[in-house]
Amino acid sequence: MLIKNQIYEGRIEDYTAQGQGIAKIEGCAVFVPNAIQGELCRIRIEKVGKTWASGKMTEILEKSPHRVNRSCPVGKLCGGCEFQHMDYAAELSLKAERVRQALNRLAGENLEAVPITGAPSLTGYRNKAIYPVAAQKGRAYAGFFRSGTHQVVEHPHCEILPEETQKVKDLVMDYVNQYRVTVYDESAHKGLLRHIFVRRGAVSGEILVCLIVNGRKLPHVPELITRLQTVRGFRTLVLGVNTKPGNAVLGEEFISLYGPGYIEDTLCGLTFRLSPRSFYQVNHAQAERLYEAAISLGQIQKTDLVLDLYCGVGTITLAMAGAAGKVIGVEVVEQAVEDARENAKRNGIQNAEFFAADAGKTALELENQGLRPDVVVVDPPRKGLNADAIEAIARMSPRRLVYVSCDPATLARDIALLKTHGYALKSAQAFDLFPRCAHVESVVLLETGDR
């Protein structure tokens, strides 16, 4: 049994799903942040469980050739960019291996490798930011939550965000401090401003600012708008009403204070309308590569009916429309479906239909109506497919199923379930949409011989 606060020597052998190093010490798995595979370290044990422990490196005895100095001054405090201590080659290798291990361990595959497409840029790529706000000693500030906490770490300059996004944050906080706008206190459920939401079109350059508030009004709105108008690309200011306690960022009501309440951007040659609740991949360049791979895997023909579950604002649905006979998109967020319908109109696409409903229930409904799609595309949230969706897909029996995933573990779990319905994994590849961060996207193709 390892002893808390004792220092042990161990070599980093593997990584957790979150990118922490794993060392085996006296038969116990010890999780170590900021470590790189192959390094020999001295580790102070900070927490001990029955079969695991967590610790902190106190000294690196044998340093990895992939170790680099962090470029962010608050990187360790913020915890948002988990991989700034390693070079990009090591990060890509780690992420590809994470996908491979999940598919082999949880889905019963025997893959020797999974290819990964790296990002063309490691900085300024993220087109959306959500800044929580806090106050200390009479001064309000914005930043990001420290990993595993709701402690706001002030962040003067985040490398993965565009300059315009950060300028918006600074201007809003200047306004907040000048006009004494109260900041939300989660424990007391008091105060007005909760979060600053900024979305910037990567191609259009248009900027949407949404202030999430515990109320329905903001003071001195004209003065705030005048400030924001100095930012290149600023198009609209929206008030997001969220008066409920809890961790949810967005509420259900949005009030446009300036501009149309949405922005536009171009992806895969199509123009999309984006409102605060619209799902839109945060890395534009990599999203195009990911979607192009998904479309290619579908091998869609002009006579095909394509069903896109979890369609968001219709990015994949509409990109596939040109090759298909008809495409149907399903999404639970009504505002996103409204945007998807508008996106179809503005792009002159007439063979697309969208439904605002739960993906699993709608899939069963469509299946009961005799719908037999030739290709099904799914891009679910991190929790993966629900049981209804898997059952409906199996009963509709499309010849191809293209699964876009943001979590290798739930992807592998779902593949294992789909295999019991006669599907087989034909292709798997990873895409890095979040350089320097722990998440990894992947796209796989499954086929059945039933049709």
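Look above for the structure.
Before going into details, it helps to say that this report is about the structure given with it. Position labels on residues start from 1 in each chain and follow its written sequence. Local features in a predicted model are, by the rule used here, given only for residues with pLDDT of at least 70; side-chain atom pairs are given and counted only at 80 or more, and totals for whole chains, interfaces and linings are based on all residues. To obtain the side-chain values, all non-hydrogen atoms of the structure were included, while hydrogens and water were left out.

Focus on the packing of helix 3 (residues 163-178) against helix 4 (residues 221-228)
Put simply, the rule reads: Angles run from 0 to 180 degrees between N-to-C directions of axes, and those axes are lines fitted to C-alpha atoms, restricted for helices to the stretch in contact. For the purposes of this entry, the term helix denotes a DSSP run of H or I that reaches at least four residues, the term strand denotes a run of E that reaches at least two, and both are numbered from the N terminus. By definition in this entry, angles of less than 35 degrees are roughly parallel, angles greater than 145 are roughly antiparallel, angles of 65 to 115 are roughly perpendicular, and the rest are oblique. A crossing counts as left-handed when the near helix is turned anticlockwise from the far one by less than a right angle, and as right-handed when that turn is clockwise. Working rule for contacts: check all heavy atoms of both residues, and any pair within 4.5 Å makes them a contact. Polar here means any residue other than Ala, Val, Leu, Ile, Met, Phe, Trp, Tyr, Cys and Pro, which are nonpolar, and Asp, Glu, Lys and Arg, which are charged; Gly is therefore polar.
Here helix 3 crosses helix 4 at 150°, and the two axes come no closer than 10 Å. It follows that helix 3 is roughly antiparallel to helix 4 by the angle criterion. Pair helix 3 / helix 4 crosses with right-handed handedness. Facing Val168, Leu171, Val172, Asp174, Tyr175 and Gln178 of helix 3, the residues of helix 4 in contact are Leu224, Arg227 and Leu228. The residue inventory of the contact of helix 3 with helix 4, partitioned by class, reads 6 nonpolar, 1 polar and 2 charged.

Focus on the packing of aromatic side chains
What counts, and what does not: Note on ring pairs: Phe, Tyr and Trp rings are taken, using the six-membered ring of Trp, and paired if centres are within 6.5 Å. Classes follow the plane angle, with under 30 degrees stacked, over 60 edge-to-face and the rest tilted. Burial classes follow relative accessibility: with a 1.4 Å probe on protein chains only, a residue under 20% of its type's maximum area counts as buried, one over 50% as exposed, and anything between as partly exposed. Each ring is checked for a lysine NZ or an arginine CZ that lies within 6 Å of its centre and within 35 degrees of its normal; such an atom marks a charge sitting over the ring.
Using the criterion set out here, one finds 4 aromatic pairs in the structure. On the numbers, 5.3 Å between centres and 10° between planes, the contact of Phe234 with Tyr258 is stacked. Of this pair, Phe234 sits in strand 12 (residues 234-241) while Tyr258 is found in strand 13 (residues 253-258), placing the two residues 24 residues apart along the sequence. Owing to a relative accessible area of 30%, Tyr258 belongs among the partly exposed residues under this scheme. Lying across the ring of Tyr184, Arg194 places its NZ or CZ 4.1 Å from the centre.

Structural notes on the sheet that holds strand 19 (residues 375-378)
Formally: We treat two strands as partners when DSSP finds at least two bridges between them.
With mixed pairing, the 8 strands of this open sheet are ordered in space as 6-21-22-20-19-16-17-18. Looking along the sheet, the strands with just one partner apiece sit at the ends: strand 6 (116-117) and strand 18 (352-356). Bridge count for strand 20 (residues 400-405) against strand 22 (residues 441-448) is 6 bridges, and the pairing is antiparallel. Across the sheet, residue Leu401 finds its bridge partner in strand 22, namely Leu446.

Considerations on the nonpolar core
The test is simple: Throughout this description, the term nonpolar core refers to a set of buried Ala, Val, Leu, Ile, Met, Phe, Trp, Tyr and Cys residues connected via side-chain atoms within 4.5 Å.
Counting 83 residues, the largest nonpolar core has Val172, Val176, Ile196, Leu211, Leu218 and Val443 as its most contacted members. The element best represented in this core is strand 11 (residues 207-213), accounting for 7 residues. Those residues in contact with Val172 that sit more than four places away from it in its chain are Leu193, Ile196, Leu211, Leu224 and Leu228. Among the nonpolar cores identified, the runner-up in size contains 37 residues, and Ala107, Val376, Ala392 and Met396 belong to it.

Some thoughts on the sheet that holds strand 10 (residues 193-200)
Pairing is mixed across the open sheet formed by 7 strands, whose spatial order is 9-8-7-10-11-12-13. One side of each edge strand has no neighbouring strand; the edge strands of this open sheet are strand 9 (152-154) and strand 13. Averaged over all neighbouring strand pairs, the angle between strand axes comes to 35°, with direction disregarded. Pairing analysis gives 7 bridges linking strand 10 to strand 11, with the strands arranged antiparallel. Across the sheet, Arg200 pairs through a bridge with Ile207, a residue of strand 11. Of the strands in this sheet, strand 11, strand 12 and strand 13 are in contact with helix 4, which crosses strand 12 at around 140°.

Focus: the side chain of Asp407
Condition: Think of it this way: Lys and Arg go in the positive column, Asp and Glu in the negative one, and His and the chain ends go nowhere. By salt bridge we mean one thing: a side-chain nitrogen of Lys or Arg within 4 Å of a carboxyl oxygen of Asp or Glu. Here a polar contact is taken to be a pair of N or O atoms separated by no more than 3.5 Å, where protein atoms must pair a possible hydrogen donor with a possible acceptor and residues adjacent in sequence count only if both atoms sit in side chains.
Tracing the sequence through the fold places Asp407 in the loop between strand 20 and helix 10 (408-419). Here Asp407 sits buried without a salt bridge, and the closest side chain of opposite charge, Arg98, lies 4.2 Å off (N-O distance). Looking at Asp407, its side chain comes within polar contact range of the main-chain nitrogen of Thr410, at 2.9 Å.

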